[in-house]
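As a plain string of letters, each chain reads:
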Amino acid sequence: MRSTEHIGIIGAGIVGLAVARHITLHRPGTRVTVLEKENRVAAHQTGHNSGVVHAGLYYRPGSLKATLCRRGIGLLRDYCAENGLPYEEAGKLLVAVNPEDEARLDDIERRAKENGVPGVTRLGPEGLREIEPHAAGIAALHSPTTAITDFVGVAEQIADDVRRSGGRVLLNTPVIDLRQDHDGTEVLTGDPKGERVIHRFDRLVLCGGLQSDQLARMAGGAADPRVVPFRGRYHELVPERRDLVRGLLYPVPDPRYPFLGVHLTRHVHGEVMAGPNAILALAREGYRARDLRARELAQTLAWPGFWRLARKHWSVGARETLVSASRAVFAAQARRLLPELTTADLRPAPAGVRAQALGRDGGLLDDFHVDTHGRVVCVRNAPSPAATSSLAIAEFLYDNHICNGSGY
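Parameters at a glance
- Residues numbered from 1 in each chain as written.
- Predicted model: local features only at pLDDT ≥ 70, side-chain atom pairs only at ≥ 80, totals over all residues.
- Heavy atoms only, no water.
- Helix = DSSP H or I, 4+ residues; strand = E, 2+ residues; numbered from the N terminus.
- Rg over C-alpha atoms; globule rule 2.2 N^0.38 Å.
- Contact = heavy atoms within 4.5 Å.
- Areas by Shrake-Rupley, 256 points an atom, 1.4 Å probe, with all protein chains shown as cover.
- Lys, Arg positive; Asp, Glu negative; His and termini not counted.
- Charge placed at Lys NZ, Arg CZ, Asp CG, Glu CD.
- Phe/Tyr/Trp six-rings, centres within 6.5 Å; stacked < 30°, edge-to-face > 60°.
- Buried < 20%, exposed > 50% of the residue type's maximum accessible area, 1.4 Å probe, protein only.
- Lys NZ or Arg CZ within 6 Å of the ring centre and 35° of its normal.
- Core = buried A, V, L, I, M, F, W, Y, C linked by side-chain atoms within 4.5 Å.
- Pairing = 2+ DSSP bridges.
- Polar contact = N/O pair within 3.5 Å; in protein donor to acceptor, adjacent residues only side chain to side chain.
- Axes fitted to C-alpha atoms, helices over the stretch in contact; angles between N-to-C directions.
- Parallel < 35°, antiparallel > 145°, perpendicular 65-115°, else oblique.
- Nonpolar A, V, L, I, M, F, W, Y, C, P; charged D, E, K, R; others polar.
- Salt bridge = Lys/Arg side-chain N within 4 Å of Asp/Glu carboxyl O.

### Considering the overall build of the chain
- Tallying secondary structure elements over the chain gives 10 helices and 21 strands in all.
- Here the C-alpha radius of gyration of the chain, 21 Å, is about what a compact globule of 408 residues would show, namely 22 Å.
- Look at the contacts in the chain between residues 6 or more apart in sequence, and 72% of them connect residues 24 or more apart.
- Of the roughly 16900 Å² that the chain leaves accessible, carbon and sulfur atoms contribute 50%.
- Both charge centroids of the chain, one from 52 positive and one from 47 negative side chains, sit 4 Å from each other.

Pasting the structure below:
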């Protein structure tokens, strides 16, 4: 790769920005431009998550998620320390409330140890209450190095790094189309005034999150997998009840689903959030229940994989819809971990939308997924723990896709 090449990144979430920063650090002189359709960085998944820096408890050993999460947490911890950003090892309790949960803890504990997660400890009822006095359960797994940070602040700092290194972060620059030829890639963008601009790149990296499949199709990628947006509703503990939770309190996840269930997380600024649940969003960026984009919903409903998923898990979908619609039901879910919690202890908080890649066969993609089409690298699936792993994902993309253009 020539040092004079111009590399473009579409998407100024934390992953896209981390890729841009890595290139500027390791290929001085390379021109780097990030294109972002919103008026700020970290506007979507990066800015709507729980702020948890995951230690790598759940992920299949040897998977990209496991490998890049463990590498990423160290890089992120050091980056926050170097730049004066908040980073607190709040610790996570994974609480079993019944024998089925307790049996699942065995597999999670095994995975955590194989992934090299430090300090993981199995606890009984008394031990878990020493860490979280208001929690209840028959057993728990404690991860003391699971941390919290401000991912928006991290993304903004990374964007500043890119600019200081000579790179550009162009906001209010939505991508309209792109095409490849033998010399590179042309990207057509718009601006708030309606003017259109053509940007030419030698290599392009797509980190579009909720729009990743649409961008990949423009680059010549397959329709499979399709991004299906899942809206996650949050509630916040009222200030006078924040002392119910010291750190991070999670249920034992059901391995059939990529969602962790309603959990309680303390943020670096003091708030304690409960959630999210997971229901189908009616728009890719549908953060409110009333947000509906007919064309995007039609695309979801036309995808064969959606109906295969719905037929298999319709009862879970119905339950999650009820949890989303009723604060009392939401509180009841959280009360499985925190018996003292009442409906009055919760108030509505902003929701998030997860970009979940769904195969034509109805299978939810569990691992990170990247493919390459000519000179375009497409990040097709990067859900949690992508924020935790972002600096390591940037390394991986640079070493395996950007430098040599090979697939994985």
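### Here's the deal with the packing of aromatic side chains
- With the rule as written, the count across this model stands at 2 aromatic pairs.
- Where Y58 meets Y59, the ring centres are 6.1 Å apart and the plane angle is 70°; that geometry is what we call edge-to-face.
- Y59 sits in the buried class, given a relative accessible area of 9%.
- Ring centres of F306 and W307 lie 5.1 Å apart, and the angle between their planes is 80°; this geometry places the pair in the edge-to-face category.
- A residue is classified by how much of its surface remains accessible, and F306, at 12% relative accessible area, is buried.
- Residue placement shows K92 over the ring face of Y250; its charged tip is 4.1 Å from the ring centre.

### Things to note about the nonpolar core
- Ranked by internal contacts, the top residues of the largest apolar core, which has 67 residues, are I9, L17, V19 and L397.
- No other element matches helix α10 (residues 386-402), which puts 10 residues into this core.
- Counting 22 residues, the second-largest nonpolar core is a separate cluster that includes L237, V272, A334 and L341.

### Quick notes on the sheet that holds strand β3 (residues 52-53)
- Overall, antiparallel pairing links the 3 strands, which are arranged β3-β8-β4 in an open sheet. What marks the edges here is a single partner per strand, and that holds for β3 and β4 (87-88).
- Taken together, the 2 bridges between β4 and strand β8 (residues 147-149) define a ladder with antiparallel strand orientation. Each bridged residue has a counterpart across the sheet, and for Y87 the counterpart in β8 is T149.

### Thoughts on the side chain of D291
- Take D291: it is sitting in the loop between β18 (279-280) and α7 (294-302).
- At 3.2 Å, the side chain of D291 and the backbone nitrogen of Y287 are in polar contact.
- In this view, D291 contacts L282, A283, E285 and G286; residues no more than four positions away in its chain are not counted.

### Considering the packing of helix α8 (residues 304-325) against helix α9 (residues 327-335)
- The contact between α8 and α9 brings their axes to 5 Å, and the two run at 110°. Classified by the interaxial angle, the pair formed by α8 and α9 is roughly perpendicular. Each of L322, V323 and A325 in α8 lies in contact with α9, whose residues at this interface are R327, V329, F330 and Q333.
- Here the contact of α8 with α9 is built from residues that sort into 5 nonpolar, 1 polar and 1 charged.

### Side note on the pairing of strand β21 (residues 376-381)
- Extensive coverage of β21 is indicated by the burial of 6 of its 6 residues.
- Of the pairings in the sheet, the one linking strand β20 (residues 369-373) to β21 comprises 5 bridges and is antiparallel in character. Residue H373 lies in a different strand from β21, and its bridge partner there is V376.
- The loop that links β20 with its antiparallel partner β21 comprises 2 residues; one of these, G374, has a positive phi angle of about 60°.

### Structural notes on the pattern of salt bridges
- Scanning the entire structure with this criterion turns up 26 salt bridges.
- Between R200 and D181 there is a salt bridge, and its shortest N-O distance comes to 2.7 Å. Here the residue R200 occupies a position in strand β12 (residues 196-201), and D181 occupies one in strand β10 (residues 175-181), the gap between them amounting to 19 residues.
- Of the residues examined, D181 reaches a relative accessible area of 27% and is grouped as partly exposed.
- Through salt bridges that share partners, D106, E109, K113 and R122 make up one connected network.

### Focus: the environment of F368
- With respect to the helices, strands and loops of the structure, F368 is situated in the loop between β19 (346-358) and β20.
- Relative accessible area serves as the criterion here: at 7%, F368 is assigned to the buried category.
- Residues F368 and W307, 61 residues apart in the sequence, show an inter-C-alpha distance of 23 Å.
- Look past the residues within four positions of F368 in its chain and what remains in contact with it is L64, K65, L68, N381, A382, P383, P385, A386, S389 and I393.

### Focus: unusual backbone geometry
- Here the bond from G275 into P276 is cis, since omega is -5°, no more than 30 degrees from zero.
- Its place among the elements puts P276 in the loop between β17 (272-275) and β18.
- Residue S384 is joined to P385 through a cis peptide bond whose omega torsion reads 10°.
- One can find P385 in the loop between β21 and α10.
- Notably, A42 is not glycine yet its phi reads approximately 55°, a positive angle.
- By the element assignment, A42 lies in the loop between β2 (31-35) and β3.
- For A42, a relative accessible area of 5% corresponds to the buried category.
- Even without a glycine there, the phi angle at N172 is positive, about 55°.
- The topology assignment puts N172 in the loop between β9 (168-170) and β10.

### Let's talk about the packing of helix α2 (residues 64-83) against α10
- Put simply, α2 and α10 touch, their axes get as near as 6 Å, and they point 110° apart. Here α10 runs roughly perpendicular to α2, going by the angle between their axes. Contacts from L64, L68, C69, R71, G72, I73, L75, L76 and Y79 of α2 reach α10 at T388, S389, L391, A392, I393, E395 and F396.
- In the contact of α2 with α10, the residues fall into 11 nonpolar, 3 polar and 2 charged.

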